[in-house]
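# Structural description and commentary
These are the residues of each chain, in order.
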Amino acid sequence: MATTELYTKGACVWVPDPEAVWVSVKLLQDYHPGDQQILIQLSDGREMEFPVLPPAGLPPLGNPDILEGENDLTALTFLHEPAVLHNLRVRFLDYNSIYTYCGIVLVALNPYEQLPIYGEEVIDAYNGQDTADMEPHIFSVAEEAYCTMTREEKNQSIIISGESGSGKTVSAKYTMRYFAVVGGAAQQTSVEEKVLASNPIMEAIGNAKTTRNDNSSRFGKYIEIGFGRKGDIIGANMKTYLLEKSRVVFQAAEERNYHIFYQLCASRDLPELRTLKFDSAENFHYTNQGQDVHIPGTDDVVELERTRNAFTILGVQPDQQMEIFRILAAILHLGNVNIQASGRGGDRSYINADDRSLAVFAKLLGVEGAQMAQWLCHRRLAVGGEMLVKPMTGQQANEARDALAKHVYEQVFTWTVQRLNSSLRAHREQPKSFIGVLDIYGFETFDKNSFEQFCINYANEKLQQQFNRHVFQLEQEEYLREELPWNRIEFSDNQPCIVLIEGQLGLLDLLDEECRMPKGSDENWARKVYDQHLNHSPYFRKPRMSNSAFIIVHFADLVQYECDGFLDKNRDTVFEEPINILRASQSELVAELFQKESAGGSLPNSSLANGSVRSGKRAHREHKLTVGFQFRQSLHLLMDTLNSTTPHYVRCIKSNDLKQPFLFDPKRAVQQLRACGVLETIRISAAGYPSRWTYEEFFTRYRVLLRGSVSQDDIRRSCQSSLPYLIPDPEQYCFGKTKVFFRAGQVAVLEKLRGDRLCAAGVLIQSWVRGWLQRRRYQRLRWATFILQRYTRGTLARRLAWTLRYTRVALIIQKTYRMLAVRQLYMTIREATIKIQAFIRGTQARRIYRQMLTERAVVFLQAQVRGWLARCSFRRVRTAVVLLQSCVRRRAARKELLRLRAEARSVEKFRELNKGMEVKLMQLQLRADQQARESASLREILQAERGAHSSELEQLRSSLLKLQIQLQENANTAPLLADKQEEDMRKAEEKAAQEILQLTQEIQALRFERDSLEKEKDDLAIRLQDQEKAQEESRQQSVDQAGASVRAELEEERRRYQSLLREFTRLEQRYDNLRDMSLFTTNEHSRGHRRTDSTVSLEPLSPVTTPFSSSPVFPSPEEIRRISVTSATDRRPSPWSHEQPLNILMEDMSVAKDTAERMKGEDLRYAYDAVRVANKFLETQLLSQREQWEKEISALRMKLQQAHDRDTPGDPEINELTEEVAVREQECVRLRRELKELKHTVSLRRIMSYAGLAIAASQDPTSPGPQKSQTLSGLLECRKRDESKLIKHLITDVRAEGVLSLSPGLAARVLFLCVRQADCSGDQTRVKGLCGAAVSAIKTAMKKHGNDLDMTAVWLKNAYLLKDLLNQHSPQQDVRGCEELVPLVTDVQECVRALSDLCIQAYQQLLSISESHLQPMIVPAMLESETIPGLAGSSVKSVGRKRAGSDPRPPASTEGTTMSAVLRELSALHTALSRQDLSSALLEQAFRQLMYLLSATTLNSLLLRKDMCCWNRGLQIRYNVSLLEEWLRSRSLQAGGAVSALEPLIQAAQLLQMSKKTEVDGQAMVQTCNALSNQQLVKILSLYTPQSDLEERVTLNFIRIVQGLLKGRSEGQPPQLLMDVRRVFPVTFPYQPPPQVTAAQLEIPESLKISFLRRV
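Residues numbered from 1 in each chain as written. Predicted model: local features only at pLDDT ≥ 70, side-chain atom pairs only at ≥ 80, totals over all residues. Heavy atoms only, no water.

### Some thoughts on unusual backbone geometry
Notably, leucine 505 is not glycine yet its phi reads approximately 55°, a positive angle. As for its position among the elements, leucine 505 is in the loop between helix H13 (495-502) and helix H14 (507-516). For leucine 505, a relative accessible area of 38% translates into the label partly exposed. Positioned with a positive phi, asparagine 535 is a non-glycine residue whose angle comes to about 70°. Take asparagine 535: it is sitting in the loop between helix H15 (522-533) and strand S17 (540-541). (Helix = DSSP H or I, 4+ residues; strand = E, 2+ residues; numbered from the N terminus. Buried < 20%, exposed > 50% of the residue type's maximum accessible area, 1.4 Å probe, protein only.)

### Quick word on the confidence of the model for the protein
When pLDDT is averaged along the protein, the result is 78, and 79% of the positions lie at 70 or above. Confidence, expressed as mean pLDDT per element, reaches its minimum in the protein at helix H28 (residues 1117-1125) with 34 and its maximum at helix H6 (residues 259-266) with 93. Every residue in residues 1080-1168 is under pLDDT 50, and counting partners more than four places away or in other chains gives 90 contacts. This model gives residues 1238-1270 a pLDDT under 50, and the stretch forms 41 contacts once residues within four places in sequence are excluded. (pLDDT = per-residue confidence, 0-100. Contact = heavy atoms within 4.5 Å.)

### Quick look at the environment of leucine 638
Structurally, leucine 638 is set in helix H19 (residues 627-643). For leucine 638, a relative accessible area of 2% translates into the label buried. Along the backbone, leucine 638 and leucine 463 are 175 residues apart, and their C-alpha atoms lie at a distance of 9.7 Å. Each residue touching leucine 638, except ones within four places of it in the same chain, is listed here: Tyr222, Tyr241, Leu438 and Ile440.

### Thoughts on the pattern of salt bridges
Here the structure, examined in full by the defined rule, presents 42 salt bridges. Across the salt bridge formed by arginine 1622 and aspartate 124, the nearest N and O atoms sit 2.8 Å from each other. With arginine 1622 in the loop between helix H46 (1596-1606) and strand S27 (1654-1655) and aspartate 124 in helix H2 (residues 120-126), this pair connects stretches of sequence that are 1498 residues apart. Of the charged contacts in the structure, one is a salt bridge between arginine 1279 and aspartate 1282, with a shortest N-O distance of 3.0 Å. (Salt bridge = Lys/Arg side-chain N within 4 Å of Asp/Glu carboxyl O.)

### Section: the packing of helix H10 (residues 369-377) against helix H11 (residues 394-424)
Running from N to C, H10 and H11 cross one another at 120°; their axes reach a closest spacing of 8 Å. One way to sum up the angle between H10 and H11 is to call them oblique. Contacts between H10 and H11 pair Met372, Leu376 and Cys377 from the former with Ala397, Ala400, Arg401 and Leu404 from the latter. (Axes fitted to C-alpha atoms, helices over the stretch in contact; angles between N-to-C directions. Parallel < 35°, antiparallel > 145°, perpendicular 65-115°, else oblique.)

### Notes on the sheet that holds strand S25 (residues 739-742)
On the basis of which strands lie adjacent, the open sheet formed by three strands has the order S23-S25-S24 and antiparallel pairing. Each of the sheet's edge strands pairs with one partner strand only, and the pair in question is strand S23 (691-694) and strand S24 (733-735). Averaged over neighbouring strand pairs, the angle between their axes works out to 20° when direction is ignored. Relative to S25, S23 is paired through four bridges, and the arrangement is antiparallel. Residue pairing across strands places threonine 694 opposite lysine 739, the latter belonging to S25. Packing of helix H23 (residues 715-726) onto the sheet brings it into contact with S24 and S25, and relative to S24 it is tilted by some 165°. (Pairing = 2+ DSSP bridges.)

Right under this line is the structure:
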């Protein structure tokens, strides 16, 4: 089938478009050879006819949908410009993928947005992986170059090109960062750090803001990164090309000068820069021409700080930095020098003597200002052997000034590059190989192109030639490797264009020749060029309307160059007199810069000095090397270097000119694709066999097309026998050793044949299925008809029976209805009669009742009146009786008085005996007289009252008589009064009834109000309960959150400390390596060999004898007492006083404050102590605050309960309680905030003071000294001279097989018994020395067995057990619960702390060993292995093929890459830990860390491999994870967080297996995959690739739906794509009090040779 037959109805083709460059349209009819036009339909539905000139005029065909978004452009079926543009657009806009392969070229689009794809986790994901299987990335190119260098031991080059603003500098920066991380330096000086530090310096002095880019590199650079034998960075070297010096003196609109000038101007207020007289950038002529001195989002002050830090890292001293800044400041002041014209016609110029800028310039550079002013306005000429001084015009003087400024800046740039190279140069050894990173400008074309664009495009012509030849060579190697019959591929070679530029009598030769002419000009050079090349070279043309321009046909486009300025820029002239003045400068650096200039202008190694110095003696022959000549020579050297290396290409593309994030401009993209050579790669690939399939891939994809016997065993033979029937033309395909090669478009032919075959098979299957469905439908209809007839007949019979039954029933119903009607009438009459009788009887009864009420009221009134009359009579009689009684009593009293007077007269002798009673008697007499007078007055009053009483009695009698008479008269009128009273009573009764009714209504209203109040009370009570419950929950939640935050902070502090400890261990190992190397070097230079004792090697080689020898020694109670006693006379402050404890500790340790930074290990230990004390202090505060909060909550609950118990709680009280609760909540929030601030602000000095006070308070100053040693049994005694022998036989020299046969922790128990015996003997020095020796010996043993799991587990167990034993018997330990436990006398806290650090180191070493074993097998086992039976056939990848041009790697061994190998490694670690009886909590922590490593590594690889994102692979991953879960459950390790660490990987596998079509699927996906970040979820959906026709691709619409759903999901952590595989969970060692240890319990074998120990 020919390619033209693919132009059928419904096919997609590409047609040109003025806006989008190419648009996709659909064919509405088949194309037949000879048709002049085709009918197409646009995307908006419009139809049009497109003219064609067959066959070349046919529009390009579109690729199948299955290839949309392919990560390698060469894998497309149709390779042409619209396909490339569309694929880049889809990946950039729809998948947010900025990298795409194009064979050996990596195409990088600038997103103008910072993406989270360059972290260390991404570097780890690409490190050591086959980049052909990974997603395109700049790290994949770096990894391929690094692996090729280490594997083939051949130099590599990474060529990064593109126009300004495309991202070349950023790509080069990330490439060097990858090499710095992967190839860490082996020596003490961090070379990789210096390599990275060179970037800020070069960006500052070589980058500037342009209209296209805010950080555009204005020079080319080639950085050679040297690697040693082990693949580590040992040095680097930088070469620069064609610095844009004109930018120093001129900037276009909206552009800036080099960054360093603006950084210095912005930092002018720094004290060290004030002497340089900097001013604002707007006030300098060389920085204000672009009218834009600021870059949005960039702080020039911060950038200068980064630049200075980089200078410091590279070894540039601060005084040299200031010299550089001094020269740069002088350049700015030079631009402000005011040169004025004078003379007739302005043929002279001068500078004022008081010019401030010139004075500052001269002072900064240390030169004479008058001399510089003289030679800036004059020049020296040699005429006839005589020297003449000729004045210059104002314009010439300004040009000379600018030339001097450019030359000075060039020298500074060159010196800086040389200084960087000297700092980056390898000193210890020569690099074995290197990787060069070329960051060079791309093809440029502007409205006006000059000499700079000519040189840049010339360099790109050379690079394009090298690129074409390299691509052709790769194609040739591929054909030879596959043993194909090789035919030469024709491609466009740009050698004639290069010859036109650099050949004999080429443009550069003619330019140099014209520059050597005394009166050479641009016009003369243009005429020579026209005469030499016009009509002789097809690559040279002349514009029609110009005689001072020419056109060169470059490989990318036609470029017209203006000849104006070519000669001046090529000469780059600087007069000699100003240079001589600078050579005599007082500044050493300035003199050094210009003394190094050679008279002949030789090429320096690191940079090309493009400036020339014009001498006055030979004004017409002053310059030997022009800029063009130097650039040509350096370009030849660069090409020789690139040709001697294996190149890798990165092409950077600007997505748009507006610098908008993720905005794609197709016009600019096509222009750059044509210029950077990407389309040329496609043309070369399309000229041969661009489509390449392995036999397995071809067999899997096109199995339906194969004829004859299709054998799974011999796939190659089946393909070779069947392919000629499919493609009759043998020139369209070719068979290789492992692949089938196709010409362009043949895969589309096969796809069409496959689609037709599947369509025909589908039609046949549909015909059979439809026939079977119709037959089944007929049978169902026939069976249904029979059933309907049977049911119809039965229905008719049942209907007749129902009719007869209804007739009988109707008669019965009529009879019954009539009976009911008569009965109902009778009952109605009866009920009415009974009701009438009841009403009549009720009326009579009510009447009788009212009469009875009336009689009862009358009787009641009579009784009340009669009672009132009787009470009045009783009161009168009672008054009279009382009066009568008073009279009788008065009379009796008078008689008694007389009797008493008679008795008083008869007692005169009493008066004589008691003369004192006389006065009393007189008083009594006076009182009696007074009473007599009173009785007389009372008697008179009584007589008066009696008269009044008698008169009143008479009046009452007369009135009573009148009343009797009136009563008799009223007896006749009684009936009339009774009727009136009855009427009054009736009215009163009615009024009372109304009042009763009103009162009843009021009572009901009050009851209703009471009910509503009770209900409101209940509601308020419920609301208060709910509020209390909510407040309790919120309070509990806040307390839980505070506790969780505290625990998280403690966990973070623990993690930081352990990471610091790991770094300390690494530095200690590096120190040991360097010391061993120095010892080895010393031994090499020594003449003889001295034999040493074997015991000497057992001593630790660290300069610190014991790990806590330099730690602070806590004083004994006796010392504290002695210090307190002598405090009155001795003014020396106590070392444990509250004031300045840390300073006093440092003084006691003889550590000066200025040298405290040198003691890193001790500071780390002090910091750890301080952190522990601070954590304890904060924990105590938190607990106390929590208890206080609980008490307040209980009190509030009681108050609320009391309020609920009341019947009607008042609103003010409720409000008061509510306000109090709110106040308490605010107080809780404030306390939590203060507690959090307290955690972050507690200083080390305050913590140490608390620690000192706590220790001082815990010890009684009046307590006696150390107690006498206690006599204990069951210990082991080791003599002092045998301690080294004990350590040697027990720890350092013990063999692995011997240690593993011992009981777990035997060494720790033996050491503890020896320490205990030394402590009982009272020798505290021996105790500490023995503990320190044990710690050092265990460290040495761990280093000796650094790769042995079992030995590391052994020493972890011994260190752990010894720590617990010492901690159990520590004096600070509370032993009141165990009477048999006797604490140690010696303080062993420092030893316990050192053993804790040793346990952490052993644990980390265990994990490091396991991770190093697991790391290379995680991806093959978890992702690539096929362990599910029946799923092996799904592993053949039909789309995700390896990209063309990638270096084939040797096949790795398949042994040990399955899940069984991973489980064996995990089982080995579990066995090693279980054999030592370590705690289950420690095992859970270890396997949690390993499960996280497995999950993170697998998920990261899955996120970067498109071929693995499919349904089958998700099923396989889930099965592999289930094996891990089963393994964890079988060993009871699932509860320690190990299973939860696998959750992201489990959810990723579920995501691959879920449905991905509707919004409901998206919601389920978002809810299920909560452990995956938003970026990870979208990335997996974007990479999902169907492996069969039964699956469908994930549509872009569905991805957008998922992205919209993810916006509502909040993430606590910052967004990231890959998981951090370097994350380390902090380990905690739970304290487990061990059982009592005695010597009798130990079984010490004879093999240990420690029989010298004595049992005591």
